[in-house]
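Architecture and fold: a report
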Amino acid sequence: MAETPTRILPAVTPENAHFWQGGQEGELRFLRCTACSSYVHPPAPVCGACLGRELEVSAVSGRARVLTYTVNHQPWLPGFAPPYVVAIVELEEQDGLRLTTNLVNCAPEEVRIGMPVRVCFEIQDDGALPL
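The paragraphs below set out a description of the structure included in this document. (Residues numbered from 1 in each chain as written. Predicted model: local features only at pLDDT ≥ 70, side-chain atom pairs only at ≥ 80, totals over all residues. Heavy atoms only, no water.)

1. What to know about the overall build of the protein
A count of helices and strands for the protein gives one helix and nine strands. In terms of overall size, the protein behaves like a compact globule, its C-alpha atoms giving a radius of gyration of 16 Å where 131 residues would be expected to give roughly 14 Å. C-alpha atoms of the protein, sized along the principal axes, occupy 50 × 35 × 20 Å. Here the protein has roughly 7900 Å² of accessible surface; of this, 52% comes from carbon and sulfur atoms. When the 9 basic and 15 acidic side-chain charges of the protein are each reduced to a single mean position, those positions are 7 Å apart. (Helix = DSSP H or I, 4+ residues; strand = E, 2+ residues; numbered from the N terminus. Rg over C-alpha atoms; globule rule 2.2 N^0.38 Å. Areas by Shrake-Rupley, 256 points an atom, 1.4 Å probe, with all protein chains shown as cover. Lys, Arg positive; Asp, Glu negative; His and termini not counted. Charge placed at Lys NZ, Arg CZ, Asp CG, Glu CD.)

2. A look at the pattern of salt bridges
For the structure shown, the criterion picks out five salt bridges. One salt bridge in this structure joins R29 and E25, with 2.8 Å as the shortest N-O distance. Here E25 falls in the exposed class, since its relative accessible area comes to 60%. One salt bridge in this structure joins E90 and R98, with 3.4 Å as the shortest N-O distance. What makes E90 buried here is its relative accessible area of 18%. One salt-bridge network, held together by shared partners, links E25, E27 and R29. (Salt bridge = Lys/Arg side-chain N within 4 Å of Asp/Glu carboxyl O. Buried < 20%, exposed > 50% of the residue type's maximum accessible area, 1.4 Å probe, protein only.)

3. A few points about the pairing of strand β4 (residues 63-72)
Inspection of the sheet shows β4 paired to strand β7 (residues 116-118) by three bridges, in the antiparallel sense. If you follow R65 over to β7, its bridge partner there is P116. (Pairing = 2+ DSSP bridges.)

This is how it looks when you write it as structure tokens:
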């Protein structure tokens, strides 16, 4: 039987649990500054826009556009066969709110800069990877 491809979930900590575990409830979650409403990603203790320290967890739509991508052809992980797409996408909620992810449910040769995408999740025991 073929091994099921599984991406590796980073360490889940109190500071990033909202992001890595939100997908288990079907939500893509980021920190958001209560002072200026800017999203903060990756998680940080202060807002990069206004230096505010009051941050709250906020779900976003999960809709984005592909900014850039590469098609990986190297077999880095056992059971995770190439080719697969690694992309940086920009969420529609805020200019500069970007996420590095894998693009799935689309052939690598169909991916284009500017292509609209929507989040889905690979659920794991300790969290969920946004794809």
